[in-house]
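Spelled out from the first residue to the last, the chains are:
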Amino acid sequence: MTSKKRIFSGIQPTGIIHLGNYFGAIYNWIQLLKKEKDLDVFCCIVDYHALTVFQKPEVLSENIKQLAKLYIACGLDPSRVTIFRQSAVPEHTELAWLLNCITPMAELERMTQYKDKSEQHKSNINAGLFTYPVLMAADILLYDTDFVPVGEDQKQHVELARVIAKKFNNLYGETFKEPGVYVNPVSARLRALDNPEKKMSKSASSEYNYISLTDTPDIVEKKIKKAVTDSGSEIKYGEARPAISNLMTIYSLATEMSIKDIEKKFIGKGYGDFKKSLTEHLVNFLKPIQKKLSAIDDNELEAILKNGGIEARKIASKKVAEVREKIGL
Ligand code: AQP
């Protein structure tokens, strides 16, 4: 096992990533990297997970490339982190099968994301959607991960990975590290701009649900203008005011201003002023990411992904060999 602390996390290439994916996941990976110099970080493009919802092949391959570029454009330095495609490391699916055979159905039936996604995709409730958390457990456990930084919606899946690790260790002897979970309380769950009852989601049916990292200034302006607000007109944070509180959270994340300071700044002003200012800050926030994104070369990206896959496989293949031996295969 590694002496360095290791983190593993991934994002599905199911669309262009949004502010929720950025602040709920990527931002935390970067902060952890800044805080701890001696950290081993695995940033995966979980393309097998994406297949639990039908993806058009040409769109999927574009989304995989775009997500890898966005990782880099957001500040993940390929010389410090391992960026790779899940499908480039076959040990993920091999371990998933082995773990499937010790995972109780009842545990999977409790998963809220399975229930939500089955509700959203009634015509395609496939077995992969049901066993998705086992593949995610395999992703995490393959690398002796110390902790997994995720948004709130994925917390239950990381907890299941712990349960599966414990069960395997009890049956076959100490093999897997039980991973911890890290959820940033401020950005744990950014809500949809068009419905604060729902979370921001890249595969939402309306583009007014989210701000993508590639949205142009015009689109950001249009989306923020259309974003729903609560009754009343005050810029005040509170549980009874989920829509404006969500926009204030986004404001705070993009500007690093505290909620209190934002409230003070907008005393006596209305939603119009607030939205105009939020738009300006978001455009400025996205500008450097988009600039960096447009400068990434396709061939260079391919080399980064290839190398990432080779590095990941070195660790994953050792772990699977150990597991096979313990099981008696
Ligand atoms: N709204 C959100 N707020 C905070 N964090 C979020 N995450 C997702 N949505 C929010 C976090 O982003 C990481 C990557 O998520 P994912 O792509 O693996 O799948 P997801 O959680 O299902 O995200 P989406 O955007 O809703 O994708 P689709 O539409 O394909 O289902 C995770 O750490 C997640 O917690």
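Computed from a predicted structure; not experimentally measured. (Residues numbered from 1 in each chain as written. Predicted model: local features only at pLDDT ≥ 70, side-chain atom pairs only at ≥ 80, totals over all residues. Heavy atoms only, no water.)

A. Local environment of the site of the ligand. Lining the immediate surroundings of the ligand are 24 residues, of which Lys117, Asp153, Ser201, Lys202 and Ser203 lie closest. At 3.1 Å from an oxygen atom of the ligand is found a side-chain nitrogen or oxygen belonging to asparagine 21. Interatomic distance of 2.4 Å between a side-chain N/O atom of lysine 202 and an oxygen atom of the ligand. For the ligand, the accessible surface in isolation is 640 Å², of which the surrounding protein chains cover 98%. Among the elements of the structure, strand S1 (5-11), helix H1 (19-35) and helix H6 (112-120) are those that each provide at least two residues to the shell around the ligand. The element that contributes the greatest number of residues to the shell around the ligand is H1, accounting for four residues. Looking at the shell around the ligand, its residues break down into six nonpolar, 13 polar and five charged. (Near = heavy atom within 4 Å. Polar contact = N/O pair within 3.5 Å; in protein donor to acceptor, adjacent residues only side chain to side chain. Areas by Shrake-Rupley, 256 points an atom, 1.4 Å probe, with all protein chains shown as cover. Helix = DSSP H or I, 4+ residues; strand = E, 2+ residues; numbered from the N terminus. Nonpolar A, V, L, I, M, F, W, Y, C, P; charged D, E, K, R; others polar.)

B. Summary view of the side chain of histidine 49. Topologically, histidine 49 is positioned in helix H2 (residues 47-50). You can call histidine 49 buried: its relative accessible area is 2%. When sequence neighbours within four positions are dropped, the list of residues in contact with histidine 49 reads Gln12, Gln86, Tyr132, Leu135, Met136 and Asp139. (Buried < 20%, exposed > 50% of the residue type's maximum accessible area, 1.4 Å probe, protein only. Contact = heavy atoms within 4.5 Å.)

C. Local environment of the packing of aromatic side chains. This model, assessed by the stated rule, comprises 17 aromatic pairs. Here tyrosine 251 and phenylalanine 266 contribute two aromatic rings whose centre-to-centre distance is 5.8 Å and whose plane-to-plane angle is 85°, an arrangement assigned as edge-to-face. Highlighted residues: tyrosine 251 in helix H10 (residues 242-255) and phenylalanine 266 in the loop between helix H11 (259-265) and helix H12 (271-294), separated in sequence by 15 residues. Each member of the pair, tyrosine 251 as well as phenylalanine 266, carries the same accessibility label: buried. By the ring-pair criterion, three or more aromatic residues cluster together here, those being Phe8, Phe42, Phe84 and Tyr143. Lying across the ring of tyrosine 208, lysine 226 places its NZ or CZ 4.2 Å from the centre. (Phe/Tyr/Trp six-rings, centres within 6.5 Å; stacked < 30°, edge-to-face > 60°. Lys NZ or Arg CZ within 6 Å of the ring centre and 35° of its normal.)

D. Just helix H7 (residues 127-141), in detail. With 15 residues, H7 extends 21 Å from end C-alpha to end C-alpha; this agrees with the ideal 21 Å at 1.5 Å per step. Maximal helix bending in H7 amounts to about 40°, located at proline 133. Counted residue by residue, H7 has 12 buried out of 15 residues, so it is predominantly covered. If you check which residues of H7 are buried, you get Leu129, Phe130, Tyr132, Pro133, Val134, Leu135, Met136, Ala137, Ala138, Asp139, Ile140 and Leu141. (Expected span 1.5 Å × (residues − 1). Bend = angle between axes of the 7 residues up to and from the residue.)

E. Summary view of the pairing of strand S3 (residues 81-85). Extensive coverage of S3 is indicated by the burial of four of its five residues. Sheet analysis places strand S2 (residues 39-45) next to S3, joined by five bridges and oriented parallel. Bridge pairing in S3 places cysteine 43 opposite isoleucine 83. (Pairing = 2+ DSSP bridges.)

F. Focus on the pattern of salt bridges. Within this structure, the stated rule accounts for 21 salt bridges. Here glutamate 311 and lysine 314 are joined by a salt bridge, their closest N and O atoms 2.9 Å apart. Of this pair, glutamate 311 and lysine 314 both sit in helix H13 (residues 298-327), separated by three residues, roughly a single helical turn. Shared partners join several salt bridges into a network, and the residues in it are Glu62, Lys65, Lys69 and Asp298. (Salt bridge = Lys/Arg side-chain N within 4 Å of Asp/Glu carboxyl O.)

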